[in-house]
Each structure stands twice: as C-alpha cells, then as structure tokens.
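One letter stands for each residue in the lines below.
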Amino acid sequence: MDFIDDLPESTEQERFQRHNRFLRSLKSDTLLIIDNFNVTATQDSFLSVVLKYRCQILFTTRSKLDEYCTLPLKEIEDMNALFQLASVFYSEADTYRATVEKIIETVHSHTFAVELAAKLLENGISTPDQLLTRLQAEKASFHNEDKIKIIKDGQSSKATYYSHIHTLFSLYTLSLEQQDIMCNMCFLPSTGISARIFAKWLELPTLNEINDLIETGFVQTTTRRTLSLHPMIQEITLSETKPSVTRCHILLDSLQKICLMHGMEVDYYKKLFQTIGNIIVLIEKDDIPKYLLFLENTFPYMDNYNYHKGMNGIIQELTGLLKTKNIGTDSDRALLLDFQATLETKPEKAIKLEKDALAQIENITADNARLVSNLHANLGGLYRMNGHPDLAREHMEKSISLLDQFNLLHINDSIPQIANYAMFLTEQQEPERGISELQKLSGIIKEYHSDDCLDYAKVQETLGTIYLMTANLPQAKTHFKRAFKIYEKIWADEPEMIEAKYREIQELYPQIGFSIGKTLSGLLTK
C-alpha cells in the first residue's frame, strides 16, 4: 500500500509503522477494503494486527476463512446477464449472439474471462467462430498475439488473453508440493473425491497442503470433504503444470495397485474409473511402456464391475497407440485382442479374436506364460459356452499345464481357471477330477497365502457347488460353511455383500432338485 506522503528513502519498517499508526486512528465510521486477500490466515503475519483496527474492514478473497463472518459470492449463472456483460465490451455481440453465448459457456461463465474474450473480439483479428473454435480446443492454454487492455484492482495492464488469465490465478505463488498436488488434481472427476482417499493416492503424510489449497480457494470442497477443481482452474493447471506419466507416477502407481488387488472391492470404484478415464484424455504420455502397463492392469478391474464405458475407452486408447509399429510388444497386441474379445457379443467373433491373440505370440517364455495361459483359458471358456466341449477341454488343460510348467499355480489367475475347469469336468460327468483339481489348488493357496483369504473362500465355494450338484449335501454344507466363515470376516462392514452371496448359493438348491425350507444362513449355522 502506498500513501501520498511516503518518502522514497523510508525503509519498509518505517513505512509500516507510519501506515499502521494512521490506520489505527480510524474509527468505526470508516470502511477499509482489502482486495484480493488470497492467502491463508496463518500465512499473513499482519492479519492479527489489522483485525485490531477500530474501523470496519471488508476483505475480498477466494480464501476460505470460516472463522470470520463471510458472504459467499457465486458465479453469475444467468446467461442474459453474462451476455449483457459481453455486450459492454463487444459492440457486435447482438449480431453473433449464439456464438458469443457458446464462448461464455466455454470459459465456464467466468466473468473476467468473458470480459477478456469480448475485448478480444472487439479489438482482435479473430472472428467469433474462430475464437470459439480455438477456445474449445486450447481452453486456458489459448494463445493469441492480440493484446488486451484491462483495468483490474486499480492497475491498468496490456497483455495477451493467456497472460491475463494465468496471472489472475497465480499458480506460481504455490509451493512446489502444492503445485504437484494441483497437477494430479486435474484428473479428478467433476463430482470430486474424498480428501483422505486422494491424499492416500498421492502418499501424502498429512492433509496440511490440501487444507491450505482449500483455504486459499484453489481447491473446492463440500461439507463431506469432497475435493474438486473449478473447471477454469483445472484448465489453467493443466496448461501450466503439464501432467505427464512421469510426473504423476505416484498417482498412476496407486490406482494400478488398487486395480491389482484381486478379490478386493472399493466402494468408490466409479470415481476411480472416472479418474482413470480423465487420465487417458488429459495426461502427457512421456513413458509409453509404463502407460501401456497402466492401461492393461486397469482394464480387468473395470471388467469386474462391468464398467463398459471405461473398458471401451481403454480399448480405443490401446488401439490408437499400438497402430504404431515401434510402440508396444507382441504381448501388448495380444492383450488388446483379448480385451476386444471380452466386449464382443458375437461368440464366433470373440473366438476369432482370442485365436488371433494367441497367434501374436510365437514363443512361450517365462515373461509371457501367464498371458498365454489366460488366453487359452478364455478361449476354452468361449468354446465351453458355445457347445464345443472337446475344444474347451483342450484349451483349459493347456492353460493349466502352462501355469504348472512355469510354476504359476500360486498366482491369482489360476483360481478362476481351475475353478472353471472343475465345473466343466463336473458338467462332463467327471466331478471327481474337478474336486481333485480344486483340492490341489486349496493346498497351494494355503501354502503361498493362507486359508483365511478371499481366494481360499472362492475355491471352497466352488467345491461346495460341485458337491451340491452331485447331491452330496453334507460335503456341500462343509465347504459352504468354510467359505462363508471367510466371507463374513472379510466383508464384516458390508453385510449386503454377504447377504447377496447367501442368496446366490441358496438359489442353487432348487435348481438341482432340493428344497431348503429355510434360509441358507440358518442351514449353515446348524
């Protein structure tokens, strides 16, 4: 702040003492307005001094200062009012009203951006259609050499649209850690996500930096501590921080880790998948092998939830990337064909895609054995569903033999493969062989993991189902009880999942000619 009688030779301390002495003399009939106070209360060491003044004080700020009396000012939502604002600065607004309104929507109704765009139309070289097209494509990164004169906070300045917009939000004033957090926040869904979940994704030790970003108004939050970015701030952050696979590796690793937690479910899976979708659209792919692995590891998790929108997005992205011959490996191309088969509704075409996937890999090695095993299992499953038992047996047995040959029977992939094979054997009147395979698998899971995990429960459930199909009720009850003991422990906080599993198995009894006459939970607790 400058006073008219400030002396050039005065030190900062002398100026502060003189200004403070004067301001302290003001009485309650004076209103002091402090504009753009965009810091946290703890960051400004003089705030406590200013608040002791006897005069009335009004702050304008985007910071969140909950401990004081505040009047939130929201954006203007009325299009007519925003159009009138544009008309003040652009004389031909009425002639191009439809396009001007689209420009207003494109800059998210931000009044300063509306003013800048209108002045650019009035004084710049671009036509309304040209400006709209470029704003839609480049958003906050829009560069135009035409300079715009504005007066803001009493200061006149002349600069480009890009300079004005980026100076307004001043991301450069944030610490490097806060800039990094903002960079990763660009991918959050518009509905936001829990602050604690996001902090965990970024491996932050505390919520301090996020709380400061909330307090200074860069990050929006609700009463439930759901974080999101205003669309304009998101665009500016994207433009300035340029999020990439390398820079955002902690976030990508965390999301990938969640998607690889076999048998574990998260209640925020839709927001997780929306975040992955935004990453695909927005991130700079500066590490292709790491990015391909990220896509390939997230697809199966989406498949667990039948999230076809995200699955199609990953297939589209992989298809585009793998068109280039020097990008990806034979295994990457085989996986893409396998993913396409997953969503294919026509059995003949799905079978062809799986066969084409297998044809991509000429030599089976320790590096690709797991993939080849899965491809054979998937192909065998398709043959089973479409009435080709001999071909189904051939490929199912090939998939399991590969797991055995390369010492992979202990991995998670073996569970659905052996379970499906056991059910197939039962259908083919060979239940003893199916039970033998599952008992062997139970022993492997117990040795490598435990007999208290979800994978072990799934095998016990499959054993119970086969015993039920062969009318061995005592053995069926024994294995179902083992499975549900684990389910009830793991899903203790999700009773609806336990109940759904009870209903699923209870429906098997009448299908094979048995009537329980009571709930399954009652039968299993006897």
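Residues numbered from 1 in each chain as written. Predicted model: local features only at pLDDT ≥ 70, side-chain atom pairs only at ≥ 80, totals over all residues. Heavy atoms only, no water.

## Things to note about the pattern of salt bridges
Convention followed: When a carboxyl oxygen of Asp or Glu lies within 4 Å of a side-chain nitrogen of Lys or Arg, that pair is called a salt bridge. Helical segments are the DSSP runs of H or I of at least four residues, strand segments are the runs of E of at least two, and each set is numbered from the N terminus. Only protein chains enter the accessibility calculation, which uses a 1.4 Å probe. A residue is then buried if its area is under 20% of the maximum for its type, exposed if over 50%, and partly exposed in between.
The full count for this structure, using the stated rule, is 16 salt bridges. With a shortest N-O distance of 3.4 Å, Glu-317 and Lys-285 are connected by a salt bridge. Of the two residues, Glu-317 is situated in helix H15 (residues 308-321) and Lys-285 in the loop between helix H13 (269-282) and helix H14 (288-304); the sequence distance between them amounts to 32 residues. When its relative accessible area of 17% is taken as the criterion, Glu-317 is described as buried.

## What to know about a nonpolar patch on the surface
Selection rule: Like charges within 9 Å and nonpolar side chains (Val, Leu, Ile, Met, Phe, Trp, Tyr) within 5 Å are joined into patches, using only residues over 30% in relative accessible area that form no salt bridge. Only the protein chains shown count as cover for residues, and the accessible areas themselves come from Shrake-Rupley with a 1.4 Å probe.
A cluster of nonpolar side chains, Leu-31, Ile-33 and Leu-58, forms an exposed patch at the surface whose accessible area comes to about 290 Å². Mapped onto the elements, Leu-58 comes out in strand S2 (residues 56-59).

## A word on the packing of aromatic side chains
Rules: Note on aromatic contacts: the rings of Phe and Tyr and the six-membered ring of Trp form a pair at centre separations within 6.5 Å, being stacked when their planes are under 30 degrees apart, edge-to-face when over 60 apart, and tilted otherwise. Two limits define a charge over a ring: the Lys NZ or Arg CZ must be within 6 Å of the ring centre, and within 35 degrees of the ring normal.
Summed over all chains, the structure comprises ten aromatic pairs. Ring centres of Tyr-269 and Tyr-305 lie 4.1 Å apart, and the angle between their planes is 20°; this geometry places the pair in the stacked category. In this pair, Tyr-269 sits in helix H13 while Tyr-305 sits in the loop between H14 and H15, placing the two residues 36 residues apart along the sequence. Above the plane of the ring of Phe-83 lies Arg-97, whose end atom (NZ or CZ) is 4.0 Å from the centre.

## So, the packing of H14 against H15
For the record, the criterion: Think of each axis as a best-fit line through the C-alpha atoms, taken over the contacting stretch in the case of a helix, with angles from 0 to 180 degrees between the N-to-C directions. Orientation is classified from the angle alone, with under 35 degrees giving roughly parallel, over 145 giving roughly antiparallel, 65 to 115 giving roughly perpendicular, and any other angle giving oblique. In this scheme the handedness of a crossing depends on how the near helix is turned from the far one: anticlockwise by less than a right angle means left-handed, clockwise means right-handed. For this analysis, residues touch if any pair of their heavy atoms sits within 4.5 Å. Under the scheme applied here, ten amino acids are nonpolar (Ala, Val, Leu, Ile, Met, Phe, Trp, Tyr, Cys and Pro), four are charged (Asp, Glu, Lys and Arg), and all others, including Gly, are polar.
For the pair H14 and H15, the least separation of the axes is 9 Å and the interaxial angle reads 155°. It follows from the interaxial angle that H14 and H15 lie roughly antiparallel. The element H14 and its partner H15 pack so that their crossing is left-handed. Counting all contacts with H14, which are made through Ile-288, Tyr-291, Leu-292, Leu-295, Thr-298, Phe-299, Met-302 and Asp-303, the residues of H15 involved are Gly-310, Met-311, Ile-314, Ile-315, Glu-317, Leu-318 and Leu-321. Considered class by class, the residues forming the contact of H14 with H15 number eleven nonpolar, two polar and two charged.

## Observations regarding the sheet that holds strand S7 (residues 226-228)
We count it as follows: What makes two strands pair is DSSP finding at least two bridges between them.
Sheet architecture is open: three strands sit in the order S5-S7-S6, paired in antiparallel fashion. Where the open sheet ends on each side, the last strands, each with one partner, are strand S5 (193-194) and strand S6 (220-221). The pairing of S5 with S7 spans two bridges and is classified as antiparallel. Across the sheet, residue Ser-194 finds its bridge partner in S7, namely Thr-226.

## Focus on unusual backbone geometry
At Glu-203, a position not held by glycine, the phi torsion is positive, near 55°. Of note, Glu-203 is situated in the loop between helix H9 (195-201) and helix H10 (208-215). Non-glycine residue Gln-429 carries a positive phi angle of around 65°. Its location among the elements puts Gln-429 in the loop between helix H20 (414-427) and helix H21 (431-448). Overall, Gln-429 belongs to the exposed group, its relative accessible area being 65%.

## Description of the confidence of the model for the chain
In regions of low pLDDT, the predicted coordinates are not meant to be interpreted in detail. Cut-off, in case you're wondering: Known as pLDDT, the predictor's per-residue confidence is scaled from 0 to 100.
With 88% of its residues at a pLDDT of 70 or more, the chain has an overall mean of 85. Here residues 515-519 is modelled with pLDDT under 50, and outside its nearest four sequence neighbours on either side it reaches seven contacts, counting other chains as well.

## Describing helix H8 (residues 176-185)
H8 sits mainly inside the fold: seven of its ten residues count as buried. Within the span of H8, buried status applies to Gln-178, Gln-179, Ile-181, Met-182, Cys-183, Asn-184 and Met-185. Of the surrounding elements, those touching the buried residues of H8 are H9, H10, S7, helix H11 (231-241) and helix H12 (249-259).

## Side note on helix H5 (residues 111-123)
Given 3.6 residues per helical turn, the α-helix brings residues three or four places apart onto the same face. The following threshold applies: By definition here, a helix of n residues has an expected span of 1.5 Å times n minus one.
Along its 13 residues, H5 runs 18 Å from first to last C-alpha, staying within 8% of the 18 Å computed at 1.5 Å per residue. Burial within H5 is extensive, with ten of its 13 residues counted as buried. For H5, every residue scored as buried is listed here: Phe-112, Ala-113, Val-114, Glu-115, Leu-116, Ala-117, Ala-118, Lys-119, Leu-120 and Leu-121.

## A closer look at the environment of Glu-75
You can see Glu-75 is positioned in the loop between S2 and helix H3 (79-89). By relative accessible area, which is 40% here, Glu-75 ends up partly exposed. If sequence neighbours within four positions are ignored, Glu-75 has contacts with His-108 and His-230.

## A closer look at the side chain of Thr-241
Operational definition: Pairing of N or O atoms within 3.5 Å defines a polar contact, subject to two protein rules: one partner must be a possible hydrogen donor and the other a possible acceptor, and residues neighboring in sequence count only if both atoms are side-chain atoms.
Along the chain, Thr-241 falls in helix H11. The buried category is assigned to Thr-241, whose relative accessible area is 8%. A distance of 2.6 Å separates a polar side-chain atom of Thr-241 from the backbone oxygen of Thr-237. In contact with Thr-241, not counting residues within four places along its chain, are Gln-179, Cys-183 and Arg-247.

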